[in-house]
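Residues per chain are reported as follows:
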Amino acid sequence: MSRTTLHVYLIDGLTAYKAEKLRKALLISIKVSDVSVKLNSGVVVVTSAGDPAPEVKMACSIAGCEFRMKVSKRKAAYYT
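Residues numbered from 1 in each chain as written. Predicted model: local features only at pLDDT ≥ 70, side-chain atom pairs only at ≥ 80, totals over all residues. Heavy atoms only, no water.

## Comments concerning the sheet that holds strand S3 (residues 43–48)
Rule in force here: Two strands are counted as paired when DSSP detects at least two bridges linking them. A run of H or I in DSSP becomes a helix once it reaches four residues, and a run of E becomes a strand once it reaches two; helices and strands are each numbered from the N terminus. Here the axes come from fitting lines to C-alpha atoms, over the contacting stretch only for helices, and the angles between their N-to-C directions go from 0 to 180 degrees. Note on contacts: a residue pair qualifies if any of its non-hydrogen atoms lie within 4.5 Å across the two residues.
What the 4 strands build is an open sheet, ordered S2-S3-S1-S4; its pairing is antiparallel. Both outer strands of the open sheet, strand S2 (32–38) and strand S4 (66–70), are each paired with one neighbouring strand and no more. Here the average twist between neighbouring strands, direction ignored, is 30°. Summarising the sheet, S2 and S3 pair through 6 bridges and their orientation is antiparallel. When the bridges of S3 are listed, serine 36 appears paired with valine 45. Contacting S2 and S3, helix H1 (residues 16–27) runs over the sheet at an angle of about 165° to S2.

Set out below in structure tokens:
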């Protein structure tokens, strides 16, 4: 079992419906263990074993929202 880390992403165009769809799409991946979405700020916090950036980009296209950027580890504490 590998160690899990937090990854923080900014996503544009999130609604409650899209956030739930995004969360479900991310939880399908075996690398991802937990997903939390903050609608007001457009932040998605993913707990995973590796870098889930490709999965987040794919989940954004499934949910119909736009991937903006990954937040640096230094600024991630502000969003979590």
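And the narrative resumes.
## Topic: the pattern of salt bridges
To keep it simple, the criterion reads: Within this document, salt bridges are pairs made up of a side-chain nitrogen of Lys or Arg and a carboxyl oxygen of Asp or Glu, the two lying within 4 Å of each other. Summary of the burial criterion: residues with accessible area below 20% of their type's maximum are buried, those above 50% are exposed, and those between are partly exposed, where the area comes from a 1.4 Å probe applied to protein chains only.
Inspection of every chain in the model, using the stated rule, returns 4 salt bridges. Across the pair aspartate 12 and arginine 68 runs a salt bridge whose closest N-O atoms are separated by 2.6 Å. Here aspartate 12, found in strand S1 (residues 5–12), pairs with arginine 68, found in strand S4; they are 56 residues apart in sequence, far enough to count as distant. Between glutamate 20 and arginine 23 there is a salt bridge, with the nearest N and O atoms lying 3.1 Å from each other. On the criterion of helical spacing, the pair formed by glutamate 20 and arginine 23 is a turn pair, its members being 3 residues apart in helix H1. Classification of arginine 23 as partly exposed rests on a relative accessible area of 27%.

## Structural notes on the nonpolar core
One broad rule of soluble globular proteins: the nonpolar side chains tend to lie buried together. Heads up, the rule is: For this analysis, a nonpolar core means a set of buried residues of the types Ala, Val, Leu, Ile, Met, Phe, Trp, Tyr and Cys, connected via side-chain atoms within 4.5 Å.
Counting residues in hydrophobic clusters, the biggest one holds 17 residues, and the most contacted among them are Ile11, Leu22, Leu26 and Val44. At the level of elements, S1, H1, S2, S3 and helix H2 (53–63) are the ones that each hand at least two residues to this core. By residue number, the principal contributor to this core is H2, which donates 5 residues. Beyond its immediate sequence surroundings of up to four residues, leucine 26 is in contact with Val32, Val35, Val44, Val46, Glu55, Val56 and Ala59. Of all hydrophobic cores here, the second largest spans 6 residues; its members include Val8, Leu10, Val43 and Ala76.

## Comments concerning the environment of lysine 38
Note on placement: lysine 38 falls in strand S2. Residue lysine 38 is classed as partly exposed on the basis of its relative accessible area, which comes to 31%. C-alpha separation for the pair lysine 38 and leucine 22, spaced 16 residues apart in sequence, amounts to 12 Å.

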